[in-house]
Amino acid sequence: MIFSELYSAYYNAVTEILKAAIDHPLQKNELRKIVEKHAFAESILNIEPALYEERWQLIKPGGTTIIQNEPSMPLTLIQKRWLKAVSLDPRIRLFQDEPIRFPDVEPLFTPDDYSIFDRYSDGDDYGDEAYRANFKLILDAIRNRYPLSIAMDNHKGKQIQTVLLPEYLEYSEKDDKFRLIGSGRQLDRTVNLGRIKKCEKYIGDYHISPKHKKVKQPESVVFELVDRRNALERVLLHFAHFEKQAEKIDDVRYKVTIHYDKDDETELVIRILSFGPMVKVVAPVHFINLIKERLIRQKSCGQ
């Protein structure tokens, strides 16, 4: 909420819009491109009308602005405290060597201030030096496109050796684990980072046959939303980490499409149901059936 309400992606988008309007009269198609680049696809639903209407009154009808100097975006005290708190998360250290340092502020919260009850307790050990070294090498391999030789335990606990060209990393919020998705000589495969014992840069010729390359296709769910009690804002915040699109149907109804990984499907069903009658799933049929099955099970538990 801190970055959503204050100097968030929306504010960054508006800043870029104002910079462009100070430089030259802004056309609406240029405004929309700026919003798509710096915010989210659905942000145009709120930003464009607010800039021209009485709410903000920042852009004149001719595309110029009342602002004379380019806006600056200094960090506020609350943002510094938030960043310092987030930097205490051991997962952040996987992506940077040193924590964020603001010596003049205290963290907004620490890991001891909250308890997570809806995920498994056997997550990856992010403090393990070998795990962090493997993670760092995998990130470098993804960025620079080279294969890795990986020694790992399979699901039976037997150590095996494989060579993969890393494609990308996935994180499961429910399992609290990172997964590596890579291309092998025979097929694509997924490797849990916690099972990797050792990995190193593979030295030698390594070619992936085009017929073995597979692009993991995301699933999608489409639902209609009635925007009462700030339902649209709550949905967009609740599903902020999913790729999504929102389209306005009429004054109070929106169509929202969310793209997700198949492994997160059960969690997505539960999240959508939490919005009650404000949300109605309209596609695909198999997701509608998952909603029905979940509701039937919930009803049977109360009898």
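The structure displayed is predicted, hence computed values, not measured ones.

**Student:** Sorry, what's going on with the packing of helix H2 (residues 9-23) against helix H3 (residues 28-38) here?
**Tutor:** Helices that pack against each other are described as a pair by the angle of their axes relative to one another and the distance between those axes. Remark: H2 packs on H3, axes separated minimally by 9 Å, with the N-to-C direction vectors making an angle of 145°. The interaxial crossing formed by H2 with H3 has right-handed handedness. Contacts between H2 and H3 involve Ala-9, Ala-13, Glu-16, Ile-17 and Ala-20 from the former and Glu-30, Leu-31, Ile-34, Val-35 and His-38 from the latter. Classifying every residue of the contact of H2 with H3 gives seven nonpolar, one polar and two charged.

**Student:** What exactly am I supposed to notice about the packing of aromatic side chains here?
**Tutor:** What characterises a pair of aromatic rings is the spacing of the ring centres plus the angle enclosed by the ring planes. With the rule as written, the count across this model stands at 12 aromatic pairs. Taking 6.1 Å as the distance between ring centres and 35° as the angle between the ring planes, the aromatic pair formed by Phe-239 and Phe-275 counts as tilted. Highlighted residues: Phe-239 in the loop between helix H7 (231-238) and strand E7 (243-248) and Phe-275 in the loop between helix H8 (265-273) and strand E9 (279-283), separated in sequence by 36 residues. The same class applies to Phe-239 as to Phe-275, namely buried. Above the face of the Tyr-52 ring, Lys-28 is positioned so that its terminal group lies 4.9 Å from the ring centre. Above the ring of Tyr-146, the side-chain terminus of Lys-201 is found at 4.6 Å from the ring centroid.

**Student:** Sorry, what's going on with H3 here?
**Tutor:** At 3.6 residues per turn, the α-helix brings residues three or four places apart onto the same side. What H3 keeps buried is the set Leu-31, Ile-34 and Val-35. Seen along its axis, H3 keeps its buried residues to an arc of 100°; they face one direction. Opposite its buried face, H3 presents the exposed residues Lys-33, Glu-36 and Lys-37, each directed more than 90 degrees away. Buried-residue contacts for H3 involve H2 and helix H4 (44-52).

**Student:** Even after reading the chapter, I still don't get helix H6 (residues 129-144), so can you show me in this structure?
**Tutor:** Between its first and last C-alpha atoms H6 spans 23 Å; for 16 residues at 1.5 Å apiece the expected length is 22 Å, and the two agree. Buried residues of H6: Tyr-131, Asn-134, Phe-135, Ile-138, Leu-139, Ala-141 and Ile-142, and no others. Mapping the buried residues of H6 onto a view down its axis gives an arc of 160°, with all of them on the same face. Set apart from the buried face of H6 by more than 90 degrees, the exposed residues are Glu-129, Lys-136 and Arg-143.

**Student:** What should I look at first to understand the sheet that holds strand E6 (residues 219-226) in this one?
**Tutor:** Where strands meet in a sheet, backbone hydrogen bonds hold them as pairs that are either parallel or antiparallel. Pairing within the open sheet is antiparallel, and its four strands lie in the order E7-E8-E6-E9. Both outer strands of the open sheet, E7 and E9, are each paired with one neighbouring strand and no more. Strand-to-strand twist across the sheet, computed as the mean angle between neighbouring axes with direction ignored, equals 25°. Summarising the sheet, E7 and strand E8 (residues 253-260) pair through six bridges and their orientation is antiparallel. Bridging across to E8, Ala-246 finds its partner in Val-256. In this fold H7 packs onto E6, E7, E8 and E9, with an angle of close to 160° to the strand it touches most, E6.

Procedures and definitions
Each chain has its residues counted from 1, running along the sequence as written. Where totals are concerned, whole chains, interfaces and linings use all residues; where local detail is concerned, this predicted model gives features only for residues with pLDDT of at least 70, and gives and counts side-chain atom pairs only at 80 or more. Remark: hydrogens and water are excluded; side-chain values derive from all non-hydrogen atoms of the structure. Simply put, an axis is a line fit to the C-alpha atoms, just over the touching stretch for a helix, and the angle between two N-to-C directions goes from 0 to 180 degrees. Under the scheme used here, helices are H or I runs from DSSP no shorter than 4 residues and strands are E runs no shorter than 2 residues, and both carry numbers assigned from the N terminus. It is the rotation of the near helix from the far one that decides the hand of a crossing: anticlockwise by less than a right angle makes it left-handed, clockwise makes it right-handed. Between two residues, a contact is recorded if the distance between any of their heavy atoms is within 4.5 Å. Throughout this entry, Asp, Glu, Lys and Arg are counted as charged residues, while Ala, Val, Leu, Ile, Met, Phe, Trp, Tyr, Cys and Pro are counted as nonpolar. The remaining residues, Gly among them, count as polar. In this scheme Phe, Tyr and Trp rings, the latter by its six-membered ring, pair at centre separations within 6.5 Å, and the angle between planes marks the pair as stacked below 30 degrees, edge-to-face above 60, and tilted otherwise. Three exposure classes are used, based on accessible area relative to the maximum for each residue type with a 1.4 Å probe and protein chains only: buried under 20%, partly exposed in between, and exposed over 50%. By definition here, charges over rings are those cases where NZ of Lys or CZ of Arg is within 6 Å of the ring centre and within 35 degrees of the ring normal. Starting at the helix axis, one direction is taken to each C-beta atom, and the arc is that of these directions. Expected span, for any helix, means 1.5 Å times one less than how many residues it has. For two strands to be treated as a pair, DSSP must find no fewer than two bridges joining them.

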